[in-house]
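# Working through the structure, step by step
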Amino acid sequence: MRIVVAAKPEADQPWLADAVIGLAKQTGAAVSVVAADGVELERLASVPRTVFSDSAYAAATSIARRLAEAGVEATVSVLPGRPVPAILDFTKQHNADLIVAGSSTRPRVAERLLGSVPLDLIKQSAKPVLVITHPGHPA
């Protein structure tokens, strides 16, 4: 079994890592932590892509580090482009069985206007998507 964990750039999600630790230990799954840089066209970005990819790498590495501390090994990948298509492509290329994502912590109005990566993953993925809610955020 392979689990893909969708890390959100510029977010610390230890609660997401903790949920994956339990899943990985119960199933013996291989874990890949991925984060997309969110840059569609680099030439139109206001700053160099590395600014976005560094943020994505930091978020993914933070989750992978927490997994490693609990004895769960994980690979880290930074994906170019918008999160949903990038994560779905990675999942397909690596024949993953499950995508795990953290719920949005945006207010509901902002989520409706700006969209939600976890909801879009649920709608578009051919594989199961498990959305983990932040323990302090109402569902």
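Residues numbered from 1 in each chain as written. Predicted model: local features only at pLDDT ≥ 70, side-chain atom pairs only at ≥ 80, totals over all residues. Heavy atoms only, no water.

As annotated in an unreviewed UniProt entry, the protein chain carries the name Nucleotide-binding universal stress UspA family protein and is attributed to Paractinoplanes abujensis. Reading the Sequence similarities (unreviewed entry) entry of the UniProt record for the protein chain gives the comment "Belongs to the universal stress protein A family." (UniProt positions renumbered as here; feature names shortened; annotations may be inferred.)

### Some remarks on helix α3 (residues 83-93)
Buried residues of α3: V84, A86, I87, L88, F90 and T91, and no others. Of the surrounding secondary structure, the elements contacted by the buried residues of α3 are β1 (2-6), β2 (30-36), β3 (74-79), β4 (98-102) and α5 (117-124). (Buried < 20%, exposed > 50% of the residue type's maximum accessible area, 1.4 Å probe, protein only. Helix = DSSP H or I, 4+ residues; strand = E, 2+ residues; numbered from the N terminus. Contact = heavy atoms within 4.5 Å.)

### As for the sheet that holds β4
Reading across the sheet, the five strands line up as β3-β2-β1-β4-β5 and stay open at both edges, with parallel pairing between neighbours. The open sheet has two edge strands with one neighbour each: β3 and β5 (129-132). Sheet twist, expressed as the average angle between the axes of neighbouring strands with direction ignored, equals 25°. Sheet topology places β1 next to β4; four bridges connect them, and they run parallel. When the sheet's bridge partners are listed, A6 is paired in β4 with A101. (Pairing = 2+ DSSP bridges. Axes fitted to C-alpha atoms, helices over the stretch in contact; angles between N-to-C directions.)

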